[in-house]
Amino acid sequence: MTASPETRTPGLRRFLTERPPQTERCELCAVAVEAGHRHLVDTDKRALVCACAPCALLMEQPGAAAGRFRTVPARYLTDPGHRLDESAWEALQIPVGVAFLFRNAALDRLVALYPSPAGATESELEPATWTDVLGGSRLTELLEPDVEALLLRRTGGRFECHLVPIDICYELVGRMRLLWQGFDGGAEARAALDAFFADVARRVRPLGEVGHP
C-alpha cells in the first residue's frame, strides 16, 4: 500500500521536495557569479568554466595562467558577402540542420559538432572541405581558436552562418538534449531552436559595422 504524504518519512520527503538552486561560483576564485557571467575555456581539460568579471578580464591578458584558461569573447559577427547553398551544406555531411565548427588549437585541427539527443556529436571534417565551403568568408580569418565558433543553420532553403562565442553553442546543445523528443526533436525543441537563433540574429553585427574590412 502506498504511504500517504502524512506518513512518508522525513528522508523520503527530502527527495520529493524541490531543492533551491545552488549559487554558481567563479571556478578560479570561488566568488559568487550572477546569471550572464563570462566563461573561460580550460584548454587542458577541454571544458568550459564559469568566471567572474575580474578573472575573465585577467585571462584576456597574454600569458595569463600560462595560456591554460582563455576567456570566451562576447562578439557576434556575420559576413553579408558570404552565402551558403545546398551543395555547400551537403559537402559538410551534417545530418541535421544545425552545426557549429571551431578550431581546436591543441589538436591543430577543425572540429564540426551538431546537437543530438546524446549531446554534441562530432562530424568528420576534412580541411579541404572547410576551405571549399567556408574559406570564402572573412569570418574564418577572425575566428579565435577554442573560444569562438562558426554557427550554421539550414532551414526552409535559407542558410545562416555567424561567428559566435563557443559557450552559446554548448548551451544550445544542452537545451536540445533536454527538450529532444522523437525522431526530429519535436515541437518544443524546434520552438527553442527558433528562439535561440532569433536571439543570435539580434546580437550579430555585419563586419562592416564593427570596423572590420
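Sequence order as written defines the numbering, with residues in each chain counted from 1. Selection of residues for local features in this predicted model requires a pLDDT of at least 70, selection of side-chain atom pairs for listing and counting requires 80 or more, and totals for whole chains, interfaces and linings are taken over all residues. Just so you know, side-chain values use all the structure's heavy atoms and leave hydrogens and water out.

Before going further, it helps to spend a moment on the sheet that holds strand 2 (residues 47–51). Paired strands, as defined in this entry, are two strands with at least two bridges between them according to DSSP. Secondary structure elements follow DSSP: runs of H or I no shorter than four residues count as helices, runs of E no shorter than two count as strands, and numbering proceeds from the N terminus. Within the open sheet, the three strands sit side by side as 2-1-3. Their pairing is antiparallel. Across the chains shown, the open sheet's two edge strands, defined by having one partner strand only, are strand 2 and strand 3 (69–71). Within this sheet the neighbouring strands show an average axis-to-axis angle of 35°, counted without direction. Bridge count for strand 1 (residues 38–42) against strand 3 is three bridges, and the pairing is antiparallel. Within the sheet, the bridge partner assigned to D42 lies in strand 3 and is F69. Fitting a line to C-alpha atoms yields each axis, with helices limited to the stretch in contact; the angle taken between N-to-C directions then spans 0 to 180 degrees.

To continue, consider the nonpolar core. Buried residues of nine kinds, namely Ala, Val, Leu, Ile, Met, Phe, Trp, Tyr and Cys, make up a nonpolar core once their side-chain atoms join them within 4.5 Å. Exposure is judged per residue with a 1.4 Å probe applied to protein chains only, and the accessible area is read against the type maximum: over 50% gives exposed, under 20% gives buried, and values in between give partly exposed. Among the nonpolar cores identified, the biggest contains 26 residues, and F100, L151 and V200 are the most heavily contacted of them. Those elements giving two or more residues to this core turn out to be strand 5 (98–104), strand 6 (109–116), strand 8 (148–155), helix 6 (166–179) and helix 7 (187–203). It is helix 6 that contributes the most residues to this core, seven residues altogether. Membership of the second largest hydrophobic core comes to 23 residues, among which are L84, A88, L139 and F159.

What follows concerns unusual backbone geometry. Phi at D108 takes a positive value of approximately 55°, unusual for a residue other than glycine. Here D108 is to be found in the loop between strand 5 and strand 6. Given a relative accessible area of 62%, D108 falls into the exposed group. You will see that D146, though not glycine, has its phi angle at about 75°, which is positive. Relative to the helices and strands, D146 is located in the loop between helix 5 (139–142) and strand 8.

Next up on the list: the confidence of the model for the protein. Per-chain confidence: the protein averages 84 in pLDDT, with 88% of residues scoring 70 or above. Across residues 1–16, confidence stays below pLDDT 50; counting only partners more than four residues off in sequence or on other chains, it has five contacts. Per residue, pLDDT captures the predictor's confidence, and it can take any value from 0 to 100. What makes two residues a contact is simply this: any of their non-hydrogen atoms within 4.5 Å.

Another point: helix 6. Each turn of an α-helix holds 3.6 residues, which means side chains three or four residues apart point in the same direction. To estimate how far a helix should extend, the number of its residues minus one is multiplied by 1.5 Å. End to end, helix 6 covers 20 Å across 14 residues, agreeing with the expected 20 Å (1.5 Å per residue, within 8%). Residues of helix 6 that are buried: I166, D167, I168, C169, L172, V173, M176 and L179.

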